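Chain by chain, the residues run as shown.
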Amino acid sequence: MDINNIKPLIDPSRPKVYIETYGCQMNVNDSEVILSILQKEGYVLTEDMDQANIILANTCSIRENAEQRIWGRIDQFRLQKKKRQDVIIGIVGCMAERLKDKLLDGHQVDIVAGPDSYRSLPQLIRDVTPDSPQINVLLSHEETYADISPVRMDKNGISAFISIMRGCNNVCSYCVVPYTRGAERSRDPKTILREAQELYSNGYKEITLLGQNVDSYLWKAEEGEEASVNFAQLLEMVAKISPELRVRFSTSHPKDISDEVIYTMAAYPNICKHIHLPVQSGSSSMLEKMRRKYDREWYLERVAKIRSVIPDCGITTDVIAGFCGETLEDHADTLSLMEEVVFDSAFMFAYSERPGTLASRKYPDDIPYEEKTRRLNEIIALQGRMSLKSNERDLGKEFEVLVEGPSKKNPDELCGRASNNKMCVFPSHGEKPGDYTHVKVESVTSATLICSNLG
Ligand code: SAH
Ligand code: SF4
Ligand code: F3S
């Protein structure tokens, strides 16, 4: 037997880890948690895959094409292994959780780790040998990584994510997340406040509180502790850290967004006036089949409530085209809802059947691919017009923006977001990233507010 075969693959003197992140903002934050766990064990981050001892992909399963992209990347990673046999390939995150040991078939990869098992990554890495890949896909009812300070991988040092909860209990019929992320659990508010405070002390100006459904955040008081904390209360606690610290949050579920949250937003200027409120469909019968637990009227009432309390609140959404059994009338309901609400922007998707979900078991995926695409394109075209309309309503308005850096299109100009989350481009008066400035909207496109800089 070749002695090399029983030696662990990792060279402990210079372990370098390369991480690619797919999927939602929760995954971006999880990669920062993973890096924190690995750094404590002496690993360093590299941005060069050729230099890496460990290649990790933090993956997404939300739609089939998300997974297909990752299979393509796995092929690329395996090419590295052809060049350097001792490189370790790990698939972590939602696809790891969904496919489990199927990812180990044919020894495609060395490590498979689900979203609740990141604390075990150093051990999994130590235990890997060429003949024994390692897997941990246990889901937890408690894990929130509350004690771990994520190592921020973004470069700007201005804006950061804080996960306030994990998992999802909603079981929308099309969605794989409850299976890949497990049951919902909220994180201890003390640890959230500590992390937000630390970020602010380190110069961060904007934090986004993250969860699959932030409105159902609930920290239940244990014996001897102060009272329970709900999402509105948490939002207020974070907003009170400093008026200079902007607070955002995502995602809100329409069935749960409460008046208390809306009034709390209105009460604090530093809570950004933007709600991402995924509607999915404008047809009540589709919403019922999707198990969203609200109908068209409920959704429109929530939008009306938000706008009555916060008239200039940005509202964005997610839409799914061509869900099981969707008629042309259902589709028309989605279009008419979009016209009625005039969302600022939207993420729009063709329905993708996910194995194991309720919809995959109960309802045939019966809208042909071409028809789904046609409906999706109609939705995208309409949203383009609505985004423009929404931006035109801001012509002449003045906003405070947080400067992010040079504009991508014109490096002589700066860009930054207004409280309502719209991207503004404006001439530089020497501001640095992280400064606040006031701008006036002079003209618009469907994607950007083009502004003068009032200083
Ligand atoms: N927790 C969030 C959504 C997270 S997933 C919420 O409930 O609002 C992000 C978006 O992906 C969803 O809002 C939905 O529009 C889309 N999505 C989820 N599953 C999908 C599927 N099977 N096919 C197409 N789009 C899907
Ligand atoms: Fe998926 Fe629904 Fe949970 Fe959002 S609320 S993550 S769409 S199951
Ligand atoms: Fe994807 Fe998992 Fe997020 S499936 S969207 S990475 S929770």
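Sequence order sets the numbering: in each chain, residues are counted from 1 along the sequence as written. For naming, the first written chain is A and the first written ligand is 1, with later ones following in the order written. In keeping with the predicted nature of the model, local features appear solely for residues at pLDDT of at least 70, side-chain atom pairs appear and are counted solely at 80 or more, and the whole-chain, interface and lining totals rest on all residues. The side-chain quantities take in all heavy atoms of the structure and omit both hydrogens and water.

### Describing the domain arrangement of the chain
Counted only if it meets this: Reported domain spans reflect what an automatic or database domain assignment gives. For this analysis, residues touch if any pair of their heavy atoms sits within 4.5 Å. Buried area is a sum: the accessible area each of two parts loses on coming together, probed at 1.4 Å, counted once for each and added. Take a side-chain nitrogen of Lys or Arg and a carboxyl oxygen of Asp or Glu: if they are within 4 Å of each other, that pair is a salt bridge. A 3.5 Å cut-off defines polar contacts: any pair of N or O atoms within that distance qualifies, except that in protein one atom must be a possible hydrogen donor and the other a possible acceptor, and neighbouring residues in sequence count only when both atoms are side-chain atoms. When residues are sorted by character, Ala, Val, Leu, Ile, Met, Phe, Trp, Tyr, Cys and Pro go into the nonpolar class, Asp, Glu, Lys and Arg into the charged class, and all the rest, Gly among them, into the polar class.
With domains assigned, the chain is organised as domain 1 (16-136), domain 2 (156-272), domain 3 (305-393) and domain 4 (398-453). In this assembly, 14 residues from domain 1 lie in contact with 16 residues from domain 2. When domain 1 packs against domain 2, close to 1,300 Å² is buried across both sides, 54% of that on carbon and sulfur atoms. Its largest share of buried area at the contact with domain 2, domain 1 owes to Gln 25, Met 26 and Asn 29, together 43% of the area lost on that side. One can count 4 salt bridges joining domain 1 with domain 2. Across the pair Arg 166 and Asp 30 runs a salt bridge whose closest N-O atoms are separated by 2.8 Å. Inspection of the region where domain 1 meets domain 2 yields 7 residue pairs in polar contact (both at pLDDT 80 or more). Grouping the constituent residues of the side of domain 1 that touches domain 2 by class yields 6 nonpolar, 4 polar and 4 charged.

### A few points about the packing of aromatic side chains
Counted only if it meets this: Note on ring pairs: Phe, Tyr and Trp rings are taken, using the six-membered ring of Trp, and paired if centres are within 6.5 Å. Classes follow the plane angle, with under 30 degrees stacked, over 60 edge-to-face and the rest tilted. Exposure classes here rest on a 1.4 Å probe applied to the protein chains alone. A residue is buried below 20% of its type maximum, exposed above 50%, and partly exposed in between. To sit over a ring, a charge needs its Lys NZ or Arg CZ within 6 Å of the ring centre and within 35 degrees of the ring normal.
One pass over the full model with this rule turns up 7 aromatic pairs. An angle of 40 degrees between the planes, with centres 6.1 Å apart, marks the rings of Tyr 294 and Tyr 299 as tilted. Comparing Tyr 294 with Tyr 299 shows no difference in burial state: the two are buried. Through pairs of rings, three or more aromatic residues link up here, namely Tyr 174, Phe 323, Tyr 351 and Tyr 363. For Arg 63, the ring lying beneath its charged end belongs to Phe 349, and the centroid distance is 3.6 Å.

### Some words on the pattern of salt bridges
We apply this condition: Secondary structure elements follow DSSP: runs of H or I of four or more residues count as helices, runs of E of two or more count as strands, with numbering from the N terminus.
One pass over the full model with this rule turns up 34 salt bridges. Among the salt bridges present, the one from Glu 32 reaches Arg 152, with a minimum N-O distance of 3.1 Å. A residue pair is termed long-range when its members are at least 10 positions apart, and Glu 32 in helix α1 (residues 25-40) and Arg 152 in the loop between β6 (134-136) and β7 (159-163) qualify at 120 residues. Judged by its relative accessible area of 16%, Arg 152 falls in the buried class. With its nearest N and O atoms 3.2 Å apart, the salt bridge here joins Arg 354 to Glu 67. Of the two residues, Arg 354 sits in the loop between β16 (345-350) and α12 (358-362) while Glu 67 sits in helix α2 (residues 64-83), which places them 287 residues apart along the sequence.

### Here's the deal with the packing of helix α11 (residues 328-341) against helix α13 (residues 369-392)
Basically, it comes down to this: Axis definition: a line fitted to C-alpha atoms, limited for helices to the stretch in contact. Angles are taken between N-to-C directions and run from 0 to 180 degrees. If an angle is under 35 degrees, it is roughly parallel; if it is over 145, roughly antiparallel; if it lies from 65 to 115, roughly perpendicular; otherwise it is oblique. Note on convention: near helix rotated counterclockwise from far helix by under a right angle means a left-handed crossing. Clockwise means right-handed.
At a minimum axis distance of 10 Å, the contact between α11 and α13 shows a crossing angle of 15 degrees. As summarised for this structure, α11 and α13 are arranged roughly parallel, according to the angle between their axes. Pair α11 / α13 crosses with right-handed handedness. Of α13, the residues touching α11 (which contributes Leu 328, His 331, Thr 334, Leu 335, Met 338 and Glu 339) are Glu 371, Arg 374, Arg 375, Glu 378, Ile 379, Leu 382, Gln 383 and Met 386. Grouping the constituent residues of the contact of α11 with α13 by class yields 6 nonpolar, 3 polar and 5 charged.

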